[in-house]
Structure formats: structure tokens, C-alpha cells
Amino acid sequence: MNSPVWWRDAAIYQVYPRSFRDSNGDGEGDLQGVIAGLPYLADLGVDAIWLSPFYKSPNKDGGYDVSDPRDVDPRFGTLADAKDLIAAAHAHGIKFITDIVPNHFSADHRWFQEALAAPKGSIARSRFHFYDGRGENGEMPPNNWISIFRGPAWTRTPDGQWYLHLFDSSQPDLNWDNPDVAADFEETLRFWLDLGVDGFRIDVAHGSVKEDILIDHRDPERLVDALRLDFLEISEAERAGLLGDIPFFDREGVHDIYRSWRRILNEYSGDRMAVAEAFVYPSSRAARYVRQDELNQVFNFNFMMLGWDAAAMKASIEGTLAELVDVKAPATWVLNNHDTPRVVTRIGSARKARALAMLTHSLPGGIYIYQGEELGLPSADLPDAARQDPAFIRSGGTDKGRDECRVPLPWSSTLANYGYGAGKPWLPQPSDWAQYAMDVEVKVPSSSWTLYKKSLALRHSHPALGGEGVPTWIDAPLGVMHFTREPGLEVVVNATDERVTVAVSGTSILLESADGSSLQDGRLAIAANTTIWLQH
Ligand code: NOJ
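Residues numbered from 1 in each chain as written. Predicted model: local features only at pLDDT ≥ 70, side-chain atom pairs only at ≥ 80, totals over all residues. Heavy atoms only, no water.

Quick look at the overall build of the protein
Part 1 of the reasoning: In terms of helices and strands, the protein carries 14 helices and 21 strands.
Part 2 of the reasoning: Radius of gyration (C-alpha) of the protein: 23 Å, near the 24 Å computed for a compact globule of 536 residues.
Part 3 of the reasoning: The C-alpha extent of the protein, read off along each of the three principal axes, is 80 × 50 × 45 Å.
Part 4 of the reasoning: Considering only residue pairs separated by 6 or more positions, the protein has 67% of its internal contacts joining residues 24 or more positions apart.
Part 5 of the reasoning: Averaging the positions of the 51 positive and the 75 negative side-chain charges in the protein gives two centres separated by 1 Å. (Helix = DSSP H or I, 4+ residues; strand = E, 2+ residues; numbered from the N terminus. Rg over C-alpha atoms; globule rule 2.2 N^0.38 Å. Contact = heavy atoms within 4.5 Å. Lys, Arg positive; Asp, Glu negative; His and termini not counted. Charge placed at Lys NZ, Arg CZ, Asp CG, Glu CD.)

Details of the site of the ligand
Part 1 of the reasoning: Among the 13 residues in the neighbourhood of the ligand, the closest are listed as Asp-61, Asp-203, His-338, Asp-339 and Arg-402.
Part 2 of the reasoning: Within the side chain of Arg-201, an N or O atom sits 3.0 Å from an oxygen atom of the ligand.
Part 3 of the reasoning: Take Asp-339: an N or O atom from its side chain is 2.5 Å from an oxygen atom of the ligand.
Part 4 of the reasoning: Taken by itself the ligand offers 290 Å² of open surface, and the protein chains cover 97% of this.
Part 5 of the reasoning: A class-by-class count of the residues in the shell around the ligand yields 4 nonpolar, 2 polar and 7 charged. (Near = heavy atom within 4 Å. Polar contact = N/O pair within 3.5 Å; in protein donor to acceptor, adjacent residues only side chain to side chain. Areas by Shrake-Rupley, 256 points an atom, 1.4 Å probe, with all protein chains shown as cover. Nonpolar A, V, L, I, M, F, W, Y, C, P; charged D, E, K, R; others polar.)

Remarks on the packing of aromatic side chains
Part 1 of the reasoning: One pass over the structure, following the stated rule, counts 32 aromatic pairs.
Part 2 of the reasoning: These aromatic residues form a ring-pair network of at least three members: Phe-105, Trp-111, Trp-176, Phe-185, Tyr-258, Trp-261 and Tyr-289.
Part 3 of the reasoning: In this structure, Arg-18 packs its charged tip against the face of Trp-426, placed 3.6 Å from the ring centre. (Phe/Tyr/Trp six-rings, centres within 6.5 Å; stacked < 30°, edge-to-face > 60°. Lys NZ or Arg CZ within 6 Å of the ring centre and 35° of its normal.)

Focus on the packing of helix H11 (residues 350-361) against helix H14 (residues 448-461)
Part 1 of the reasoning: Remark: H11 packs on H14, axes separated minimally by 11 Å, with the N-to-C direction vectors making an angle of 10°. Judged on the interaxial angle alone, H14 and H11 are roughly parallel. In contact with Arg-354, Ala-357, Met-358, Thr-360 and His-361 of H11, H14 contributes Ser-448, Leu-451, Tyr-452, Ser-455, Leu-456 and Arg-459.
Part 2 of the reasoning: Residue composition of the contact of H11 with H14, by class: 5 nonpolar, 4 polar and 2 charged. (Axes fitted to C-alpha atoms, helices over the stretch in contact; angles between N-to-C directions. Parallel < 35°, antiparallel > 145°, perpendicular 65-115°, else oblique.)

Re the sheet that holds strand E1 (residues 11-15)
Part 1 of the reasoning: Ordered by their spatial adjacency, 8 strands build an open sheet running E11-E10-E9-E5-E2-E1-E13-E12, and the pairing between neighbours is parallel. The sheet is open, and its two borders are formed by strand E11 (297-298) and strand E12 (332-334), each paired with just one other strand.
Part 2 of the reasoning: Looking at chain direction, strand E5 (residues 95-100) and strand E9 (residues 199-202) are connected through 4 bridges and run parallel. In the strand pairing of E9, Ile-97 is matched with Gly-199.
Part 3 of the reasoning: Each of E1 and strand E13 (366-370) touches H14; the most contacted strand, E13, lies at about 160° to it. (Pairing = 2+ DSSP bridges.)

A few points about the packing of helix H1 (residues 31-44) against helix H2 (residues 79-91)
Part 1 of the reasoning: For the pair H1 and H2, the least separation of the axes is 9 Å and the interaxial angle reads 15°. The orientation of H1 relative to H2 falls into the category roughly parallel. At the point where H1 passes H2, the crossing takes the left-handed sense. Contacts from Leu-31, Gln-32, Val-34, Ile-35 and Leu-38 in H1 reach Asp-81, Ala-82, Asp-84, Leu-85, Ala-88 and Ala-89 in H2.
Part 2 of the reasoning: Of the residues belonging to the contact of H1 with H2, the class tally is 8 nonpolar, 1 polar and 2 charged. (Left-handed = near helix turned anticlockwise from the far one by under 90°.)

Observations regarding the sheet that holds strand E17 (residues 500-503)
Part 1 of the reasoning: Pairing within the open sheet is antiparallel, and its 3 strands lie in the order E17-E20-E19. The sheet terminates laterally at E17 and strand E19 (518-520), the two strands that pair on one side only. On average, adjacent strands in this sheet sit at an angle of 20° to one another, irrespective of strand direction.
Part 2 of the reasoning: As judged from the 3 bridges shared by E19 and strand E20 (residues 523-526), these two strands associate in the antiparallel manner. Residue pairing in the sheet places Gln-520 in a bridge with Arg-523 of E20.

Notes on the confidence of the model for the protein
Part 1 of the reasoning: Summing up the model confidence of the protein, the mean pLDDT is 96 and the portion of residues at 70 or higher is 99%.
Part 2 of the reasoning: Between the elements of the protein, mean pLDDT differs from a low of 76, seen in helix H6 (residues 236-243), to a high of 99, seen in E1. (pLDDT = per-residue confidence, 0-100.)

Quick notes on the environment of Leu-193
Part 1 of the reasoning: Following the sequence through the fold, Leu-193 ends up in helix H4 (residues 179-194).
Part 2 of the reasoning: When the C-alpha atoms of Leu-193 and Ile-264 are compared, they prove to be 9.3 Å apart, with 71 residues separating the residues in sequence.

With respect to unusual backbone geometry
Part 1 of the reasoning: The residue after Tyr-281, namely Pro-282, is reached through a cis peptide bond having omega -5°.
Part 2 of the reasoning: Considering the arrangement of structural elements, one finds Pro-282 in the loop between strand E10 (273-276) and E11.
Part 3 of the reasoning: Residue Pro-487 follows Glu-486 across a cis peptide bond; omega there is -5°.
Part 4 of the reasoning: Mapped onto the secondary structure, Pro-487 falls in the loop between strand E15 (480-485) and strand E16 (489-494).
Part 5 of the reasoning: Its identity as a non-glycine residue notwithstanding, Lys-328 has a phi of 60°, on the positive side.
Part 6 of the reasoning: Within the secondary structure, Lys-328 is located in the loop between helix H9 (310-325) and E12.
Part 7 of the reasoning: With relative accessibility at 53%, the residue Lys-328 sits in the exposed group. (Buried < 20%, exposed > 50% of the residue type's maximum accessible area, 1.4 Å probe, protein only.)

Comments concerning the side chain of Thr-360
Part 1 of the reasoning: Mapping Thr-360 onto the fold places it in helix H11.
Part 2 of the reasoning: According to the relative accessible area criterion, Thr-360 is buried, its value standing at 2%.
Part 3 of the reasoning: In terms of polar contacts, Thr-360 uses its side chain to reach the backbone carbonyl oxygen of Ala-357, at 2.8 Å.
Part 4 of the reasoning: Among all residues touching Thr-360, those that are not within four sequence positions of it are Phe-303, Trp-333, Leu-335, Ile-367 and Arg-459.

Re H2
Part 1 of the reasoning: The terminal C-alpha atoms of H2 lie 18 Å apart, and with 13 residues this matches the ideal 18 Å at 1.5 Å per residue to within 8%.
Part 2 of the reasoning: Every buried residue of H2 is listed here: Asp-81, Ala-82, Leu-85, Ile-86, Ala-88 and Ala-89. Along the axis of H2, the buried residues cluster in a sector spanning 165°; they form a single face.
Part 3 of the reasoning: Looking at the packing, one finds that the buried side of H2 touches H1, strand E2 (48-51), strand E4 (68-72), E5 and H4. (Expected span 1.5 Å × (residues − 1). Arc of directions from axis to C-beta.)

Side note on the domain arrangement of the protein
Part 1 of the reasoning: Entries for the protein in the domain assignment read domain 1 (6-105 + 179-457), domain 2 (110-164) and domain 3 (469-535).
Part 2 of the reasoning: The straight-line distance from the C-alpha centre of domain 1 to that of domain 3 is 30 Å.
Part 3 of the reasoning: Domain 1 puts 20 residues into the contact, and the matching count from domain 3 is 27 residues.
Part 4 of the reasoning: Between domain 1 and domain 3 lies a buried interface of about 1800 Å² when both sides are counted; carbon and sulfur atoms form 71% of it.
Part 5 of the reasoning: Sorting the residues of domain 1 by area buried against domain 3 places Arg-351, Met-358 and Ser-362 first, and these three jointly supply 32% of that buried surface.
Part 6 of the reasoning: Applying the counting criterion to the domain 1 and domain 3 interface returns 8 residue pairs in polar contact (both at pLDDT 80 or more). (Domains from an automatic or database assignment. Buried area = accessible area lost by both parts, 1.4 Å probe.)

This is the structure we're talking about:
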């Protein structure tokens, strides 16, 4: 790492706490489980962890349905456990980032319960989006929007009004025009900052502000396809058409929110940060979330959605770095998360996933690692009966949902439930996961874990890794990427299925994503689907 500001080139590990490690045997991961896993994460060499929500929640959407953002859900532990976890992470030299969900609350939140009990037109209702329906008796929703989890984006209340929920009906969207909402989120930010968190991951950062709420979309079903991070079979051009200008995402008003949040972050010492989950189109608009007076990082979803295609990846890397120059923000590189297929499954092989990881670890800026990625875990096959994602439930099973990437981690090849915990895991673990268990991979020199550990260590020790700037590209054969970063790093990525020979200036191999390559007299014969770092 070369940046004086920790988050600008940090390796940030995403913990999905429900599936990380279960300390009390109830089948669900918890905060004490995360504490127990910290030595492992420190050994791996991550700089920070980001935890998906562990707040009070009825857990209809994996905790992204928050009923009290300033308390911990009993299924994860207590507020005291959260304080212990923050302290324990810091004791290991690991920063702590927590999730914040400003687009919606849970329907169980006190405010929504008050709104349901309050009359039409009341202040309590104005904290959400309540409208009368269309049709003679208001029996039709106020517009034709579809929930991102399918089904209408509106639910009718007993008194006949409808409320908006872009996600599950248990997640009513907040109305940011009501100043109570901004005030409450300020309180939440300060609450966690005072407890010592180093940053926030902002859920649906492009959501929150809505305009023209009563206007229909011309193709709401297809729009929902375009909005899904796990739906990859939609062309850029079609996405552009569908997402070009929708009244509920990427509105100008969201930037006012983030300017005010940045002012709060800046009041605290220690380079506190925030990273935006902003899925916007065209992707160049993501840079607007990380202007100097707004948030610090934005997930690079454009790159994440590409296949293993050298030309497309190179264009995206160049585009990403160019887009961020003016705003002076660092890039981020993300391969998967709790909403997407695991990278091994998405690009089709563990070998390609390792080469892809090494490519991103060599680029300027920060990297995000989703728990289990370092083990090379594929998405798991699950019986429908086990699925819990509201996307599966609301679609009547046509959308398989995101449970496949949320299966509890394998820690041990010999213990029950792969050492995740004593109780039956909330999602079933595949029978062939012993091969991926941490206790196995940490001992195997050719494992994904060993590769990640080495690459993260080199990101700390090598002067060209991490940091910022742009790579210097070198002409390369079709399907190959070749660049240098100064001082002293040369990177070759062979994204083809054939062995390729490339002229290099590097004199020794620092790290390779798989074996089978050779370097002699300035010529690197690089094996298929491999990335190599050379010292040059
Ligand atoms: C994005 C989160 O990553 C996802 O898991 C969640 O379902 C939606 N936002 C709604 O909060």
C-alpha cells in the first residue's frame, strides 16, 4: 500500500455476518463469530472489514430491512458485542466499516408502525411515500413500478392508501423530503462514529431521493432486469435505454445528502470514509458520488459485470481510471458480493477467478474481497425448499435469488458443519466443500487462500502495488493484457485458453496465479488463464 490515507488503496473484506461464523450454535453467524474469525483475517492480511447489517431487523431481507439502526439484532448478539468487535478488529490492525441503509426502513420500524396508525396526510405518513391508488376506488397502485424483488412496488394498507417499496413490501421507502429522515440518519452516523467505526458502506446510495413518483415507466419488468446486479444477460445498450432516466434512482438530490454526510465524517479524526453502492448508468456517473465533498469510494460495478474478456476488461480499467481523475477519487475493484453469483461461478472456473483477482490486486486503488472468495468458493447449488431470499419468494421461484452466494463458510474439513458452528446452518452447505475449508487451504501452497495471502502481502511490501496513478500499457497479443506500474512491477494477464509467449522486461516472477509458465531470456511463456507479476 502506498497511499497515506488508509482507505484509498485498502484491501477490504466483506463479512456477511449471518454466514461467517456461528458462535452460539443457533445456525446463524453472529458478532462473536466474527471476533473469533479475526485472527484468520489478520493472517490473510486484510486492511479492513465491512460488515453487512447486524442491526435490529425482522430479517426479511438478510438484515437490509432495519427496524432499529442504532441497536444490534439479538440473532447477532448485543451492542456490547458490536463494541467488542470494533475494539478487537482495531487490536488486530483491521479497520471496521459498517453498512447503512438510507433508502428504506423495515416495516417493523417504530416510524412505519406510527405511520400505519396515523391518518392520511399526517406527518407520520410523510416520512414514507403514501399515496392514494388509481382506479375508481383507488384499487390500483399509484403507478406501474415493479419491485426489484418482483411484484408491484406498492402495497395497500387497510385504510386504502398505498406505500412505495422498491424492494420487499417489508421495506417501505423513506421520504427524504421529510427533514426527520435526514436528522435520524445523522444521529445514526454519529452513533456509530462515536463507537469508533472507520467508515460506512451506503446501501442503494443512488436511491433515497425520488421525483415524479406518479409517473409510469414504459417497461417496468425489463427495467427490473436491468437493475439486478446478478442479471448479466442484458446488453449495455439496452441497459442504457432502460436506465437512462428513471425517477427513483440517481437523482440530483442524493448528492446533497452525501455532502452533508461528508461534513459529518470530516468532523471525526482518523480518515473516516464512506463507500457508495451506486448502480448508475452510464457508469461514468458513479464518479459524481465521489466528488471531493461527497463520498470517498464507489463500488465499480461496471467492471464486476464483465466476463473474462481481455479487451473489455482493459477498456473498463482505462475508463474507470479516466473517469475518476477529475474528482481525484481512487478506483475500487470488486469481483462479487452477497448479491451476485460468486466470481468462480460467474466467469466459469477457479483458475480464471484467481487470474482475475490477481489482475485487480495489481491495479491502482482499493480492492474488495467477499467472504469465501479467498477460498475460491463457487456459488452453491441449493434446493428450492432451502431458499429464503425475498427475490425468490416474490418472483414465485422464477428468480432463484441470492442465497447461493450466502451459504455459510467452511472453516474446517473435519468438524460438523465445516466448523461454521454447532447448529444446523441456516442454508445447507454442499457436501463437497471440505476441499475449500480454511484449515485445508491455509496449508496448501497452490490454494486460492495462499495466493490471496501472498498478493495481499505484496500489496503492503511492493512499492508499485496499491497506490494510485495509471498503468502503462504495452501492446499485447489478442486476449492478453500487459502493463507496468512503477517502480518495478510488470503484469501480464493471459485471458485465453492457450499458452502465449510475450516479450517482457521483468527479470523474475513475483507471483503467479497458477503454475505452468516459464520465463527465459526476456520471454514469458504464460500458461492459459493466468496472471503473472514480474519484478522489472
Ligand atoms: C442492496 C443490498 O446489497 C441488498 O442485499 C439488499 O437486498 C438491497 N440493497 C436492499 O437493501
